[in-house]
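Fold and contact review
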Amino acid sequence: MSRILAIANQKGGVGKTTTAVNLAASLAELGQRVLLADLDPQGNATMGAGIEKRSALPTVYQILLNQVSVRDARMRSEPGHFDVIPANRELAGAEIDLVNLEQRDLRLKAALAQVADDYDFILMDCPPTLNLLTVNAFAAAEAVLIPMQCEYYALEGLTDLVNTIKKVKQRLNPGIRIEGLLRVMFDPRSTLAQQVSDQIKQHFGDKVYDTVIPRNVRLAEAPSHGLPVLAYDRQCKGAKAYMELAEETLRRAGITAGETA
Ligand code: ADP
Ligand code: MG
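Calculation notes
Residues numbered from 1 in each chain as written. Chains lettered and ligands numbered in written order. Predicted model: local features only at pLDDT ≥ 70, side-chain atom pairs only at ≥ 80, totals over all residues. Helix = DSSP H or I, 4+ residues; strand = E, 2+ residues; numbered from the N terminus. Rg over C-alpha atoms; globule rule 2.2 N^0.38 Å. Buried ≥ 20, exposed ≤ 12 C-beta atoms within 10 Å, placed from the backbone. Contact = placed C-beta atoms within 7 Å. pLDDT = per-residue confidence, 0-100. Near = placed C-beta within 6 Å. Nonpolar A, V, L, I, M, F, W, Y, C, P; charged D, E, K, R; others polar. Axes fitted to C-alpha atoms, helices over the stretch in contact; angles between N-to-C directions. Parallel < 35°, antiparallel > 145°, perpendicular 65-115°, else oblique. Left-handed = near helix turned anticlockwise from the far one by under 90°. Pairing = 2+ DSSP bridges. Expected span 1.5 Å × (residues − 1).

Per an unreviewed UniProt entry, the protein chain goes by the name Chromosome partitioning protein and belongs to Thiobacillus denitrificans.

This is the structure:
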């Protein structure tokens, strides 16, 4: 059985893709079999995993339209040691193409179910909107990981996200839960960041991951080389933080590192 996690926040630029790629690589480093599904038409997770998105056909788009199976679409991230379902701009049309189809919310879930036994973890990198792609991710997910920056407006958009998760819970996926809030791009010298971090902890208690991802330029540089940070600079603070997050993820899932599910 694989643990299926959606990485979501409808704000753009909050570290979803960075978290998806680097958590995938760090879980793989700990011996886990990982599939990363890129659900953003921007294809940043695809490229960050070292896969050329132009040549990356078929993609999650064809999977959603039942034109291809996950087995035929998945590719290997060589530097990341995990599998990827790629995405590209074609996916931007999925919303319209899916709207009149049967089971339009459940297509990703059905597709992922076919390969569930091949993986210990399936991560989904969601787009920066609460659209049909995100709903497909929530319908398939056991839990949601929400990355957030500790900024003044950080909590503001969370209500919409939490409401969407609630609706999916009622209508499509009664088992879904918020796995946790992950503080990213954290600057410990900023008083505001500390205050917002405290506020997040008050609000969400132990739903907040103990691991904090610091702002680290190596994390921003690695994708331009098509590498997860572990393959780019494994000693940097960012790489260590994502290894810590992978360890925390295994602890939360009740797995000992080195063991597979
Ligand atoms: P999203 O997927 O939510 O839009 P990204 O993961 O693409 O966000 O991150 C937005 C930008 O911030 C990217 O340029 C990324 O490289 C950079 N970034 C993300 N996390 C960090 C971090 N911890 N330190 C420094 N830069 C980061
Ligand atoms: Mg992204």
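The rest of the description comes next.
What follows is about the overall build of the protein chain. The helix and strand tally for the protein chain stands at 12 helices and 8 strands. For 261 residues, the compact-globule estimate of 2.2 N^0.38 gives 18 Å, and the protein chain sits close to it at 17 Å. For the protein chain, the spread of C-alpha atoms along the principal axes amounts to about 50 × 40 × 35 Å. Expressed as a percentage of its 261 residues, the buried residues of the protein chain come to 49%. Restricting the contact set of the protein chain to residue pairs at least 6 apart, pairs at least 24 apart contribute 78%.

Interpretation of the predicted coordinates at a detailed level should be avoided for regions scoring low in pLDDT. In the predicted model, the protein chain carries a mean pLDDT of 94, and the fraction of residues at 70 or more is 97%. On the interface metric, ipTM, the complex scores 0.99, and its pTM is 0.96.

The buried fraction of helix H7 (residues 132-140) is high, at 9 of 9 residues. Buried within H7 we find Leu132, Leu133, Thr134, Val135, Asn136, Ala137, Phe138, Ala139 and Ala140. Structurally, H7 contributes buried residues whose contacts are with strand S1 (3-7), helix H5 (94-98), helix H6 (107-113), strand S5 (121-125), strand S6 (143-149) and helix H8 (158-171).

Looking now at the site of ligand 1. By nearness alone, 18 residues border ligand 1, and Gly15, Lys16, Thr17, Thr18 and Ala220 come closest of all. Among the elements of the structure, helix H1 (16-29), strand S7 (177-186) and helix H10 (217-221) are those that each provide at least two residues to the shell around ligand 1. Here the shell around ligand 1 takes 3 residues from H1, the largest share from any one element. Classifying every residue of the shell around ligand 1 by side-chain character gives 8 nonpolar, 8 polar and 2 charged.

On to the packing of H1 against helix H12 (residues 237-253). Helix-helix packing: each pair is described by the crossing angle between the helix axes and the interaxial distance. Where H1 contacts H12, the two axes come as close as 8 Å, and the packing angle between them is 70°. The angle between H1 and H12 falls in the class roughly perpendicular. By crossing handedness, the relation of H1 to H12 is classed as right-handed. Each of Asn22, Leu23, Ser26, Leu27 and Glu29 in H1 lies in contact with H12, whose residues at this interface are Tyr242, Met243, Leu245, Ala246 and Thr249. Per-class residue counts for the contact of H1 with H12 are 6 nonpolar, 3 polar and 1 charged.

Following the sequence through the fold, Pro58 ends up in the loop between helix H2 (44-48) and helix H3 (60-64). It is 8.4 Å that separates the C-alpha atoms of Pro58 and Arg74, two residues lying 16 residues apart in sequence. If we ignore the near neighbours within four places in the chain, the residues touching Pro58 are Val68, Asp72 and Ala73.

Here we take up the pairing of strand S2 (residues 34-38). For S2, the tally of buried residues reaches 5 of 5 residues, placing the bulk of the element in the interior. Every second residue of S2 is oriented toward a common face, with Val34, Leu36 and Asp38 on one face and Leu35 and Ala37 on the other, all of them buried. Looking at chain direction, S2 and S5 are connected through 5 bridges and run parallel. Bridge assignment links Asp38 to a residue of S5, and that residue is Asp125. Alignment of S2 against strand S4 (residues 82-85), held across 3 bridges, turns out to be parallel. Paired with Ala37 across the two strands is Ile85, which belongs to S4.

Sheet architecture is open: 8 strands sit in the order S3-S4-S2-S5-S1-S6-S7-S8, paired in mixed fashion. Whereas interior strands pair on both sides, the edge strands pair on one side only; in this sheet they are strand S3 (75-77) and strand S8 (208-214). Averaged over all pairs of adjacent strands, the angle between strand axes in this sheet comes to 25°, irrespective of strand direction. As judged from the 5 bridges shared by S1 and S5, these two strands associate in the parallel manner. Bridge pairing in S5 places Ala6 opposite Met124. Strands S7 and S8 of the sheet are contacted by helix H9 (residues 191-204), whose axis makes an angle of about 175° with S7.

We now examine H12. In this model, H12 (17 residues) spans 24 Å end to end at C-alpha, consistent with the 24 Å of a helix rising 1.5 Å per residue. Within H12 the residues assigned to the buried category are Gly238, Ala239, Ala241, Tyr242, Met243, Leu245, Ala246, Thr249 and Leu250. The inward-facing, buried residues of H12 contact H1, S8, H10 and helix H11 (229-232). Note on H12: the residue one or two positions beyond its end, Gly254, has a positive phi of about 75°.

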